[in-house]
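Each chain, written out:
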Amino acid sequence: MRVVSTVAELRTARRDFPRLGFVPTMGFLHEGHLSLVRAAKARMGAAACSIFVNPTQFAPTDDLARYPRDLERDLRLLEEAGCDLVFTPSEADIYPDGFASRIEVDGVTAPLEGAVRPGHFSGVATVVAKLFNLVQPDAAWFGQKDAQQCAVLRRMTRDLDFPVEIIVGETVREPDGLAMSSRNVYLAADERVAALCLIRALRAAQAGFDAGYRSAELLRGLMQAELEAEPLARPDYVSIADPDTLAELDTVDERGAVASLAVRIGQTRLIDNLLLGEARQKWLR
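Residues numbered from 1 in each chain as written. Predicted model: local features only at pLDDT ≥ 70, side-chain atom pairs only at ≥ 80, totals over all residues. Heavy atoms only, no water.

Visitor: Looking at this structure, how should I read the sheet that holds strand β9 (residues 268–276)?
Guide: To summarise the sheet geometry, strands pair through backbone hydrogen bonds and adopt either a parallel or an antiparallel arrangement. Across the sheet, which stays open at both edges, the 3 strands sit in the order β7-β8-β9 with antiparallel pairing between neighbours. Two strands in the sheet have a free side with no partner beyond their single neighbour: β7 (233–241) and β9. Averaged over all neighbouring strand pairs, the angle between strand axes comes to 10 degrees, with direction disregarded. Of the pairings in the sheet, the one linking strand β8 (residues 257–265) to β9 comprises 9 bridges and is antiparallel in character. Each bridged residue has a counterpart across the sheet, and for Val263 the counterpart in β9 is Leu270. Sheet contacts for helix α9 (residues 197–210): β7, β8 and β9; angle to β9, the most-contacted strand, approximately 20 degrees. (Pairing = 2+ DSSP bridges. Helix = DSSP H or I, 4+ residues; strand = E, 2+ residues; numbered from the N terminus. Axes fitted to C-alpha atoms, helices over the stretch in contact; angles between N-to-C directions. Contact = heavy atoms within 4.5 Å.)

Okay, structure coming up:
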């Protein structure tokens, strides 16, 4: 496994790979990230990963300084997963003095995370666009847990004609159903138990959909009831949304829906989602 930290080193190393799959990350890796690396390796023959905690996607009230970091551990896990190339740039490499450009993706960024975290998706789109230009991957893998991010990056890639295929990997979960996340490390023991209300809420919506309910308001109500039963849960939003635009639905049609939510458990903010109906076949590969 080759580890590079500068743009010049990356461009030199990239020449060694005729085809390359790419997994952008902010580090503190877990099995969700590693499953994407293994999928990229299996499909493309070689996999690259970036580790960069991107400051432009954090709001002033977010946890940038607190975000967990352990580069040595991450590199060990990536090598075990078969990663071929790792890019570990500094902030100055990505945003040199005088950097003044940003990418804005309209529409799909407006609801959900975009409404709660203004500017977040501009930061995500900008850094991913820059990483695509630097790494020059043939395909890039992202996790379903960040469903809105996946939708935003698919739109950006189409609109700007990046020659990169966007592939979404299914959310990897703990045995009890909690979606794996770097932020799970923040949870105290009682909060870790309380966090299971997210998957209970999503499964309630899934059960309602499977039983034939198509009213989005009813499905949102099933989710909300599960969250209200957990005293430590403070929801930011509960959503049954269009799988393409992520706009809230009145009725779920044959295209299915994205059931998603963001919940604060103590000081930790968690997100999760399930894909209902045909949305699952469309999103996941």
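Visitor: Looking at this structure, how should I read the sheet that holds strand β4 (residues 85–87)?
Guide: Taken in spatial order, the 6 strands line up as β1-β4-β3-β2-β5-β6 in an open sheet, and their pairing is parallel. Either end of the sheet is taken by a strand with one partner, and the two such strands are β1 (2–4) and β6 (165–169). The mean angle between the axes of side-by-side strands here comes to 25 degrees, regardless of whether they run parallel or antiparallel. Of the strand pairs in this sheet, strand β5 (residues 139–143) and β6 are connected by 5 bridges, and their pairing is parallel. Bridging across to β6, Gly143 finds its partner in Gly169. Sheet strands in contact with helix α3 (residues 71–80) are β1, β3 (47–51) and β4, and its direction is about 170 degrees off that of β3.

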